[in-house]
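# Summary of structural features
One letter stands for each residue in the lines below.
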Amino acid sequence: MTIDTTRRGALATLGAAAATSILAPAAFAAAPIAGKQAAGVYRNRIGDMEITIVTDGARTMAMPDTFVRNVAKEEVGKALEASAMSAARMTVPYNPMLVNTGGKLVLVDTGNGQGDAKGEVGLLLPNMTAAGVDPKQVDIVVITHFHGDHILGLRMADGSLAFPNAEVKVPAAEYAFWMSDDNMAKAPDAMKGAFALVRRIFKDMGDRLTQYAMDKEVAPGMTPFATPGHTPGHTSLALQSGNSRMLLQGDVTNIPALFLRNPGWHVMFDMDAAKAEETRRRFYDRASADKVLVGGFHFPFPALGYVEKDGASNFRLVPVVWNTTL
Ligand SMILES: [Zn+2]
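These lines cover the structure that appears in this document, whether it is placed above or below. All figures in this text were calculated on a predicted structure; none of them were measured in a lab. (Residues numbered from 1 in each chain as written. Predicted model: local features only at pLDDT ≥ 70, side-chain atom pairs only at ≥ 80, totals over all residues.)

## Side note on the sheet that holds strand β2 (residues 49-54)
Our working rule: Two strands make a pair as long as DSSP finds a minimum of two bridges between them. A helix here means a DSSP run of H or I that spans at least four residues, while a strand means a run of E at least two residues long, and both kinds are numbered starting from the N terminus. To define axes, lines are fitted to C-alpha atoms, for helices over the stretch in contact only, and angles between the resulting N-to-C directions are given on a 0 to 180 degree scale.
Across the sheet, which stays open at both edges, the seven strands sit in the order β1-β2-β5-β6-β7-β8-β9 with mixed pairing between neighbours. Sheet topology places β1 (41-46) and β9 (209-212) at the edges, where each strand pairs with a single neighbour. For this sheet the average axis-to-axis angle between neighbouring strands, irrespective of direction, equals 25°. Examined bridge by bridge, β1 and β2 share six bridges and lie antiparallel to one another. Bridged to Arg43 within β2 is Thr52.

## Details of the sheet that holds strand β10 (residues 222-226)
Strand pairing in a sheet relies on backbone hydrogen bonds, with the paired strands running either antiparallel or parallel. Rules: Any pair of residues counts as being in contact when their C-beta atoms, constructed from backbone geometry, are within 7 Å of one another.
Taken in spatial order, the six strands make up an open sheet running β10-β11-β12-β13-β14-β15, and their pairing is mixed. The open sheet has two edge strands, β10 and β15 (314-319), and neither has a second partner. With strand direction ignored, the average angle separating the axes of adjacent strands in the sheet is 35°. Direction of pairing for strand β12 (residues 244-248) relative to strand β13 (residues 293-295): parallel, over a ladder of three bridges. By the bridge assignment, Met246 is partnered in β13 with Leu293. Along the sheet, helix α10 (residues 273-290) makes contact with β12, β13, β14 (304-310) and β15, crossing β14 at roughly 100°.

Note that every value here comes from positions in space, so none of it alone points to a role or purpose.
Laid out in structure tokens, this is it:
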């Protein structure tokens, strides 16, 4: 190759390089700032089952004065700061999970539903789309308990069913508690709205709604077990395929940086705090001894990890490592 030292020759060389776009990007504007989160979807395998965490989003709020009922707000703030979170503003994530058992597509809990003005939550359906799943494909929705962040997503904003072909399975004890007119009449005013919400969501479901008992499969390889305290009929699920196992805890704890670290701390949402603590200690003693994968609805996305003992009576969460292959 001869070297052309004329200006015309140099420009021609530059033009050729630009045409192959080796130099072009650096010469123009920087990529625009996205300013919003990408789809929140994470897959893993449990034996022959495929699980997909499909996040409903995360809500950031001013720290309530009594978020932990039996601990001073300052101490809670210190625990949050120790985990690189703000003491003044806390973030609670919401992570429903899809399980493809091979024969059935099962959704566990449904998130906050539509209509969040800030767009922080209610992202289950768009994230499902991002995961390549049509809500019409869901065969079974399993509910762990009847708090709004777990059941609101059963309905669209217009009241229609978000998963029109799904059977809806709910814990019998939970259904009995919330559907009791007696319990509703006895409840403090602050809780009356929760009773009304349960009635609105489960109204007119007919025989698509079934109540499940403990220790009997709700879908192939998915067995519920009682973890009461957070609510009277709160339920967790054990998944098993071949030699692989997983525990899906529901709301045995809220944010792990607070309540796995300190299982004696009572979150304001626990309806029977003493029973919830007893359940929590039993659950994590078992999960840490068995070294079994745990999914937590309010764990940080992708909401999967292993529980380790930290001293005599505390625990910590070791998050899963992202992997390309399943
Ligand atoms: Zn919850």
